[in-house]
Amino acid sequence: MLLLSLALPASLADFNGTWAGTFNGQPQKLLPDGRYPETVTRFDLTLKTQGTRVIGTFTNLDDVPPKPQPVQNGKRVGDRFCFDVFTVGEDCRWCIRAHGSNLEGVWNRGPEGGPSTGGLGTGVRLFQVRAKRVAKSSADPGTGR
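Residues numbered from 1 in each chain as written. Predicted model: local features only at pLDDT ≥ 70, side-chain atom pairs only at ≥ 80, totals over all residues. Heavy atoms only, no water.

Peer 1: Could you clarify how one ought to interpret the overall build of the protein in this entry?
Peer 2: Helix and strand counts for the protein come out as 1 helix and 9 strands. Counting across all 145 residues of the protein, residues that qualify as buried make up 34%. Roughly 8600 Å² of accessible area belongs to the protein as shown, and the carbon and sulfur atoms make up 57% of that amount. (Helix = DSSP H or I, 4+ residues; strand = E, 2+ residues; numbered from the N terminus. Buried < 20%, exposed > 50% of the residue type's maximum accessible area, 1.4 Å probe, protein only. Areas by Shrake-Rupley, 256 points an atom, 1.4 Å probe, with all protein chains shown as cover.)

In structure tokens form, the structure reads like this:
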């Protein structure tokens, strides 16, 4: 029975809540030791199920000032939820999985492949996403902080 429950895709409701984490991005500079590390950026993501849709906001915490962006074009693809965030004139496709209080997945620039393939088209450079569910606070129920 346990194996059967692990094989079932996550419910859209599993994505509900506020998530805080980091995502990797394109390297910005070559280091003196020859490494070319990806950037790491902090973010908050608030998601809410509305029927068969998930709506929400994405905030890049390293932007000055941070500016919440709406989650758009969300669609379930297997056990993933894929959506777009439009920042600085660019479309960024995110495809994430929820595992209890953990969120993991990938993102890329542009909707390569579209939601039917989870935004994972040919030749796409994928960047890692990791987050933890943030407990809601009575101080500010709108942000979970």
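And the narrative resumes.
Peer 1: Help me out: how do you make sense of the pattern of salt bridges in this one?
Peer 2: Charged atoms that come close allow side chains of opposite charge to pair. One pass over the full model with this rule turns up 4 salt bridges. In this structure, Arg35 engages Asp33 in a salt bridge whose closest nitrogen and oxygen atoms are separated by 2.7 Å. With a closest N to O distance of 3.0 Å, Asp62 and Arg42 form a salt bridge. Taken together, the positions of Asp62 in the loop between β3 (53–60) and β4 (69–70) and Arg42 in strand β2 (residues 39–50) put the pair 20 residues apart, joining distant regions of the chain. Judged by relative accessible area, which is 36%, Asp62 ranks as partly exposed. (Salt bridge = Lys/Arg side-chain N within 4 Å of Asp/Glu carboxyl O.)

Peer 1: Just to check I follow, could you spell out the state of the cysteines for this structure?
Peer 2: What we call a disulfide is simply a covalent bond connecting the sulfur atoms of a pair of cysteines. Within this structure, the stated rule accounts for 1 disulfide. Note that Cys82 is cross-linked by a disulfide to Cys95, the S-S spacing being 2.3 Å. With the S-S dihedral at roughly 120°, the linkage between Cys82 and Cys95 falls on the right-handed side. Separated by 13 residues along the polypeptide, Cys82 in strand β6 (residues 80–87) and Cys95 in strand β7 (residues 90–99) bring together distant segments of the chain. Residue Cys82 is classed as buried on the basis of its relative accessible area, which comes to 0%. (Disulfide = S-S within 2.5 Å.)

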